[in-house]
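What follows is the residue order along each chain.
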Amino acid sequence: MTVTDGATAHADELYRIQLRHLDDCPACRTAVECDKGVRLRRAVRAARLAADKRWPQWT
Ligand SMILES: [Zn+2]
């Protein structure tokens, strides 16, 4: 597994965790983000950026 695959898989996993939380969390379900929802969203975005930076396709 390459570094890029690892970063992308990590971002996908975080996104799945976020989606699961959105389903489970009463606050996030009513469009009011809880602390954990905000943290998850930031973590997903950071992981996506990290995965993109390691992607050489657009360079
Ligand atoms: Zn939540």
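None of these values were measured; they are calculated from a predicted model.

Draft legend 1. Representation of the pattern of salt bridges. Applying the stated criterion across every chain yields a total of two salt bridges. In this structure, the salt-bridge partner of arginine 16 is glutamate 13, at a minimum N-O distance of 3.2 Å. With arginine 16 and glutamate 13 both in helix α1 (residues 3–24) and three residues apart, the pair spans about one turn of that helix. Of the charged contacts in the structure, one is a salt bridge between arginine 41 and glutamate 33, with a shortest N-O distance of 2.7 Å.

Draft legend 2. Main features of the coordination of the zinc ion. Donor atoms from the polypeptide that coordinate the zinc ion comprise His21 (NE2), Cys25 (SG), Cys28 (SG) and Cys34 (SG), at 2.1 to 2.3 Å from the metal. For the zinc ion, the single-chain donor residues occur in sequence as H-x3-C-x2-C-x5-C. A residue is classified by how much of its surface remains accessible, and histidine 21, at 12% relative accessible area, is buried. For cysteine 25, a relative accessible area of 10% corresponds to the buried category.

Thresholds applied
- Residues numbered from 1 in each chain as written.
- Predicted model: local features only at pLDDT ≥ 70, side-chain atom pairs only at ≥ 80, totals over all residues.
- Heavy atoms only, no water.
- Salt bridge = Lys/Arg side-chain N within 4 Å of Asp/Glu carboxyl O.
- Helix = DSSP H or I, 4+ residues; strand = E, 2+ residues; numbered from the N terminus.
- Donors = N, O, S within 2.8 Å, 3.2 Å for Na, K, Ca; no water.
- Buried < 20%, exposed > 50% of the residue type's maximum accessible area, 1.4 Å probe, protein only.

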